[in-house]
Each structure stands twice: as structure tokens, then as C-alpha cells.
Amino acid sequence: MDEKVVEEWTNEECNEDVDGEIDKGEEDKIKDHIAKREFVNDFGATCLVPYVGMEFASDGQAFELYNAYAKYVGFSVRRYSTRKSRRDGTILSRQFVCYRHGFREQRYVNRADRKRKVKAITRTGCEATLLVNKRNNGKWVVRKFVEEHNHNMVTGIKVHLLPSHRRIHADTEDEIDKRGCPSSRTTPAVKTMAIESGRSSTGNVGRDPRNYIMSSLPTKRLEKGEREILIKYFERLHAENPGFFFAVGFDKENDVTNFLWVDARSRMDYCCFGDVVTFDTTYNTNGCKMPFASFMGVNNHQQSVLFGCALLYDDTEASLVWLFETWLKSMLGRHPISMITDQDQSMTTAVAQVFPQTCHRFCLRHIFQNATIKAFSVHEDFAKDFRKCIYTRGTIVEFESQWVSLLEKYNARDNVWLKSMYEKREKWVPTYLRHTFFADTSTTHHSDSINSYFDGYVDMKVGSYEFIKQYERAIFNQRGKENEEDYRSNDIAPKLKSVLPMEEEAAKLYTRTIFVKFQEELFRKDRHIADKIEDDGTAITYRVTNHRKQGRGYTVNFNASETRANCSCQKFEFAGILCRHILLVFRMSNVISLPLHYVLRRWTKHAKPGDALEVLGIEMQGDDERAVWLRHYNLMLLSHNILSKGAKNAKIYDMVVCGLQHISKELDAAENDAASRQHENIELGQS
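Counting restarts for each chain: residues are numbered from 1 in the order of the written sequence. Reporting of local features is limited, given that this is a predicted model, to residues whose pLDDT is at least 70; pairs of side-chain atoms are given and counted only at 80 or more, and all residues count toward the totals for whole chains, interfaces and linings. Just so you know, side-chain values use all the structure's heavy atoms and leave hydrogens and water out.

## Some points on the overall build of the protein
Rules: A run of H or I in DSSP counts as a helix once it spans at least four residues, and a run of E counts as a strand once it spans at least two, with each numbered from the N terminus. Throughout this description, buried means an accessible area under 20% of the type-specific maximum (1.4 Å probe, protein chains only), exposed means over 50%, and partly exposed covers the range between. Here the accessible surface of atoms and residues is derived via Shrake-Rupley with a 1.4 Å probe, and residues count as covered only by protein chains that are part of the display.
A tally of regular secondary structure across the protein gives 23 helices and 19 strands. Split into buried and exposed, the 687 residues of the protein put 47% on the buried side. As presented, the protein carries roughly 35500 Å² of accessible surface, and 50% of it is formed by carbon and sulfur atoms.

## A short note on the sheet that holds strand β16 (residues 528–535)
Definition in use: DSSP-based pairing: two strands are paired if at least 2 bridges between them are found. Convention adopted: a line fitted to C-alpha atoms gives each axis, helices being fitted over their contacting stretch, and angles between N-to-C directions are expressed from 0 to 180 degrees.
With antiparallel pairing, the 4 strands of this open sheet are ordered in space as β16-β17-β18-β19. Two strands bound the open sheet, and with one partner strand each, they are β16 and β19 (564–567). Sheet twist, expressed as the mean angle between neighbouring strand axes with direction ignored, is 25 degrees. With 7 bridges joining them, β16 and strand β17 (residues 540–546) adopt antiparallel strand pairing. If you follow aspartate 531 over to β17, its bridge partner there is arginine 543.

## Remarks on the packing of helix α17 (residues 501–509) against helix α18 (residues 512–524)
To describe two helices that pack against each other, one gives the angle between their axes and the distance between the axes. So the rule is basically this: Angles are sorted into four bins: roughly parallel if under 35 degrees, roughly antiparallel if over 145, roughly perpendicular if 65 to 115, and oblique for all others. Throughout, a crossing is termed right-handed when the near helix is turned clockwise from the far one, and left-handed when it is turned anticlockwise from it by less than a right angle. For this analysis, residues touch if any pair of their heavy atoms sits within 4.5 Å. Nonpolar residues are Ala, Val, Leu, Ile, Met, Phe, Trp, Tyr, Cys and Pro. Charged residues are Asp, Glu, Lys and Arg, and all others, Gly as well, are polar.
One way to put it is that α17 packs onto α18 with a least axis distance of 10 Å and a crossing angle of 170 degrees. Considering the angle they form, α17 stands roughly antiparallel to α18. Both α17 and α18 take part in a crossing whose hand is right-handed. Here α17 contributes Met502, Glu503, Ala506 and Ala507 to the contact with α18, which in turn contributes Phe515, Phe518, Gln519, Leu522 and Phe523. Looking at side-chain class alone, the contact of α17 with α18 contains 7 nonpolar, 1 polar and 1 charged residues.

## A closer look at the nonpolar core
We apply this condition: Here, nonpolar core refers to any group of buried Ala, Val, Leu, Ile, Met, Phe, Trp, Tyr and Cys residues whose side-chain atoms link them within 4.5 Å.
Counting 36 residues, the largest nonpolar core has Tyr510, Phe518, Leu578, Ile582, Phe586, Leu594 and Trp603 as its most contacted members. Looking at this core element by element, the count peaks at 5 residues for helix α20 (residues 580–588). Excluding residues that lie within four positions of it along the chain, tryptophan 603 makes contacts with Val298, Asn299, Asn300, Gln302, Phe437, Ala439, Tyr510, Thr511, Ile514, Ala575, Gly576 and Ile577. Of all hydrophobic cores here, the second largest spans 30 residues; its members include Phe39, Leu65, Tyr69 and Trp140.

## Overview of a nonpolar patch on the surface
Applied cut-off: Only residues whose relative accessible area exceeds 30% and that take part in no salt bridge are eligible for patches, with like-charged residues grouped when within 9 Å of each other and nonpolar side chains (Val, Leu, Ile, Met, Phe, Trp, Tyr) grouped when within 5 Å. Just to be clear on terms, a salt bridge is a Lys or Arg side-chain nitrogen sitting within 4 Å of an Asp or Glu carboxyl oxygen.
On the surface, Leu660, Ile663 and Leu667 cluster together into a nonpolar patch covering about 280 Å² of accessible area. Relative to the assigned elements, isoleucine 663 resides in helix α23 (residues 650–686). Judged by its relative accessible area of 43%, isoleucine 663 falls in the partly exposed class.

## Some remarks on the pattern of salt bridges
A complete count under the given rule lists 19 salt bridges for this structure. For the salt bridge of arginine 236 with glutamate 240, the shortest nitrogen-to-oxygen distance reads 3.1 Å. Here arginine 236 pairs with glutamate 240, and both are found in helix α7 (residues 224–240), just 4 residues apart, close to one helical turn. According to the relative accessible area criterion, glutamate 240 is exposed, its value standing at 54%. Across the pair arginine 425 and glutamate 400 runs a salt bridge whose closest N-O atoms are separated by 3.2 Å. Within this pair, whereas arginine 425 is found in the loop between α14 (416–423) and α15 (444–451), its partner glutamate 400 is found in helix α13 (residues 396–409), the two being separated by 25 residues in sequence. Classification of arginine 425 by relative accessible area gives buried; the value is 19%.

## Things to note about the pairing of strand β15 (residues 359–362)
For a regular strand, the rule is simple: side chains alternate between the two faces of the sheet. Definition in use: When the strands point away from the viewer and the path from the first strand over the helix to the second turns clockwise, the crossover is right-handed.
Residues Cys359 and Arg361 point to one face of β15 and His360 and Phe362 to the other, with burial holding for every one of them. After leaving strand β14 (residues 338–341), the chain enters helix α10 (residues 345–354) and then returns to the sheet as β15, a path that is right-handed.

## What to know about the environment of arginine 135
Mapping arginine 135 onto the fold places it in the loop between β7 (129–134) and β8 (140–146). Residue contacts for arginine 135: discarding those within four places in its chain leaves Glu55, Val141 and Arg143.

## Looking at the sheet that holds strand β12 (residues 292–298)
Pairing is mixed across the open sheet formed by 7 strands, whose spatial order is β9-β10-β13-β12-β11-β14-β15. Of all the strands in the sheet, the pair left with one neighbour each is β9 (245–250) and β15. Neighbour-to-neighbour, the strand axes of the sheet open up by a mean angle of 20 degrees, direction not taken into account. Here strand β11 (residues 276–280) pairs with β14 via 3 bridges, running parallel. In the sheet register, threonine 278 faces β14, and the bridge partner there is isoleucine 340. On the sheet, helix α8 (residues 264–273) packs against β9, β10 (256–262), β11, β12 and β13 (304–312) and is oriented at approximately 125 degrees with respect to β13. Running over the sheet, helix α9 (residues 317–330) touches β9, β10, β11, β12, β13 and β14 and is turned about 25 degrees from β10.

Right under this line is the structure:
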């Protein structure tokens, strides 16, 4: 293993001197808690003081606990070193130290070219530290913990001024967001809003609200040379393929602010899988040179599929409205059923304006990331209880009850962030959303897979030319994976566990990924029992429970004459796959075949060919740009099917090549004939 030191906090950020004496009563209280090996966090909950052997789910959780402990005692923490594996580069250990660790190097003090005065010396060589190592099971364990400091602690009324404890509170952020951003980055405009917004804040210093406001302003415009490179690149792609769509957004000064582009393959995929869309702006939040965003979905293999890309140099509400309206135009006005974004207020307003009938949900991954900072990071049990509450499969009433219990358990009723998220619960808590189709994207795992679509291929800190090449490489590789999965689903039969007709039918219809999910539901039904609780002559109501577990059950209503059923778990509504509870009722009612009205085409092996034109139902006659694109589109669909079949074996491949060569010769002859007739008409006209 190699040792690599990573300073994630700069010296300047740690140089603020905020020392003060702790009063006698407070000092005795802290000593009493430390003697008991416990301290009180911001929630008012009692936490354990770090100790050698203490385990954490992640290194981030270890840092947050140590930082909470530091705030209670009266010092600040900074990340000091990281050790990585030589084999694969994974992080194996992290060290966190007191902000007074080490000494400032003399070369930073005795500089002949210094223009600013030397800042106060705050480094005292303090050896207080926390070292955590990663185990093979993924857990992080404390290997070294040094408590002793060689300097005074900071008084409680000043501790929030220390670098690692300065944070903009959620209510301050909301206040700034409500006021709206200044129209420019000029110092007076930003300074005025920062003073007004930060006036009542107790968790930051004067420059923190200003930094938050500056981060909300439009980023630097694209350089003229890079702008021309991108426009020429998009124009070339459109000339080569009329199905390629791109648009450029301008501001009032006629400067380029945003780019949107959607290639023909993405438009084809959207017609087949555009029921659920995720607008992901992860790369736009990391200070990148290329503020990249993407429209994503899931295909019939539950792989991430691209619906379009954007460069957002201006992410204001008006700019987002333009982006969404233009993207919708590229998809011929077809709205998605559901859409997932982060919880940015401007984005929420823009989605409501452009997609009024679309069910809008916040990304859970982003919510859990924010919660790590703003709510439960300092208590090792809160994260588990929070997730358990959020992912409850009970009713809305049961969720409300669990939420109240959660707040009471951790004394978090006054947490500003939790209050604000509860007010928006209908946009992110699964219990409120399971009646809407989301292609089973309920977990944070799928959000991570969306990010991985470009990870490893695209570096957003490069210039336009390098970005284009990396983007093309990412698209080529990811679509290659999709083609591989198409081949496996069509040519490799899945392993059956029984001779049930329903399982055999599902294996023929579904892709491999979806069949495995259906197969799991089909055989887990045997762990359940169903009791008839009502029969009105038309429909029968069953109560389905797990016979191995004592707990709640699910209600299934079954109409035998129509072979239709619905379950209170709402798995089919949310994921498009029948649940084990309905499958159990089907077996009890002698329904041995899989009803086709419960097979969504988007999950089948034949989700693509012909589907787009069936959805659109548009005439392809004429020579206008729209008709040309639609014909090109249809040919793409047909060729995709031919290519998939043509790769099966050498004999079929030779047959496809022979057929394509024959078609190519006929096309050449037709073009020559058309050119000859056009020439004759010109000569006749001249005579």
C-alpha cells in the first residue's frame, strides 16, 4: 500500500483564531460527560466518545461523529491523510486531526514577494487525532484515538465559528432562495443580500452566506473558441444524421448560456422507455468546467439509457424552463409519466410548469446525502432508523406514526431540515408515490448507476474538444453493453426452477433481468398464505401474510371474470411486475397462464422494434425535415432488429451481409436513375 497525504482543508481556511475561555460550569459538565465516555450532539442525543475498535458504516460517518465530538469539546477538525491501495486505488484508511495539528512552514511566513500581511499563527503541533481503517467487510474501525490537546478549547458561544462547524442552516438557505439571486456577481449586490440573509444566522460567519449566494449565480460563460467547437460538432452530427437534435440557449446579452443535444438513438429509446425520466445534475454541482447534465431513463434490461444531454452554464428557473421545453420538443411533445430530479426549488418550479401532468419525485440519493450533513450524521443509529422509516411499505398513516416516533426518539422535532423535508414528503417518500409507475427506481442504487454511465469516461474539467471525444467514447461503450444484454436475452435461455406454465411464458417474454425479478416473486409467494375475507359475487378480497413472520399483511382484490387483481403493496403500479401476493391468489384461483395485460411491453425482449411508430402514429410522407427524420428513425428501428439477429452465427451473418450488399446496389441504381431523370428534365426545360 502506498501512502498519500490529501489536505482537503487549506491552511487559510484553518487560520481563524477564535480561542476563548470556557466558563467553569460548562467545563465541569464537559469533563463529567467525557469521564462517562459520552457526549451530547446537536440533537440533544447522547453519543459515545470515539474509542479504539469503534465501528462505522463509512469514513464519512466517522468524520461526522468526530466533528460532533470536537464541537462539543471545543475544537475544530480537518481531514489530514488518506491511504490508498496500490492494486485498485480504493481508500483503505483516513486520518482526521485537530485543526491546530502541525506547524506552519516558514516558507509561507518569510516570503519576499508577500503582498498580504501574515495571518495569525494557529498551528501549535497538537497531536489530537482519529485514525480509521477499512475492513474487508466494508466497515470502518477506529485504530488510533488521541484525545489530549496542547491548547485551550473554544467557548460554546464561539465554537460555531471554527472552520469545520461553520454551516449555512437550512432556514438561511431557504431565505436566500426565496429572495432570489442577484442579477450579477457585482460585490454590492451580493454583499447586500449576504448581510440581510445572514443577519440572524448563528452557524456561519459573514462570508458564508455570500459564498452560498455566489454558488447560486450563473457560472462563467463558455469561451468563444470552445463555443464554436461545440456548435460545429453538433452541426456536423445533424448533417450526418437528420435525427440528431441540438439547440443553443442565449441570455439577454446574446451570450451562449446552455447547450442541449439529443441524438437519434436517444430519441428512439425515449419512444420505447420514456415513461420514466431522471434529470441528473450531479456533474453540475462539483465545480466543473463543463457543467454537464443529462436526461436518463431505464431500458428493458433496467440499464441506464440516455435521453439527452445539456451543458448548463445558467441554471436559473427561466433557463431550466427553456431547457425542458426544448427537450420536450425534441421528443415530439410526448410527456413522461414520472420524473426524478434533485430538490432544487428552481428545478421544481420549472418541472411543474413544463410537465404539469408528470409525477415529480426528488432523488432519494440526494436526500440521504443532504441528511448526512443536515440531520443524522453524528448519530450512528439515526441513519438506519431514518431509512427504515422512509422505506416502510405500510400505509400513509403508518408512515406518519413512524416519523413522529423517529423525531421523538432522537429529540429532533426542532430540526429545520427535517421539518422542511416533512412538508415536501409527497415528493420523495415512497409511501406517497407507489401508485405511480417509476420503473422500480425506488432505491438509491439506480441513481448511482445513472452516475456511473459517464464515470470513468468523462472528465468535466477538460476543454470542449477533449470533452467531445470522452463523451463519444462513453456513449459507444455504454450502448455496447446494452447490445450485449440484448444478445444474451434473445439467445441464452434462463434457468427455470419448475414446470409451471407461467414461469415458462415469462422466460419467453421478459428480458433476463426482468425475468429474474419475476421469478423471485413467483417462488416467494410460497412463503405466504391467503385468507378470504370478503366475496361480493364480483370480486373476492384476500388477506395475504408471510407465514414465517408475524406482522402486517397485504390486501388483494381479485376479479375472476376479468382475471384482474390489485394489491395494497402496489408493486405492479410502481414497478410494472406482478407481486408475490397477486401471484399467490392466481395460483389459488387456478390462473396458470400469465395474463398478457400484466406484461408491460417495455420489460419484454421486443420492446424496441416498431414500438416508436406505434406510439407516435405519424405519417412519414413528404420531404420536410420532420418526415425525413421519421423515415430515418424507422429505418434505425428495422436495422437494429436485423443487426441483433445477424450476429447470432456465421451463416446468418453471411446472409445479412449478402442482403445488405444487394440493397446497397439497388439504392445506387435508384439514385443514378433519379439523377439521370433530373438531368433530362433540366435539358427539356432549357430547350
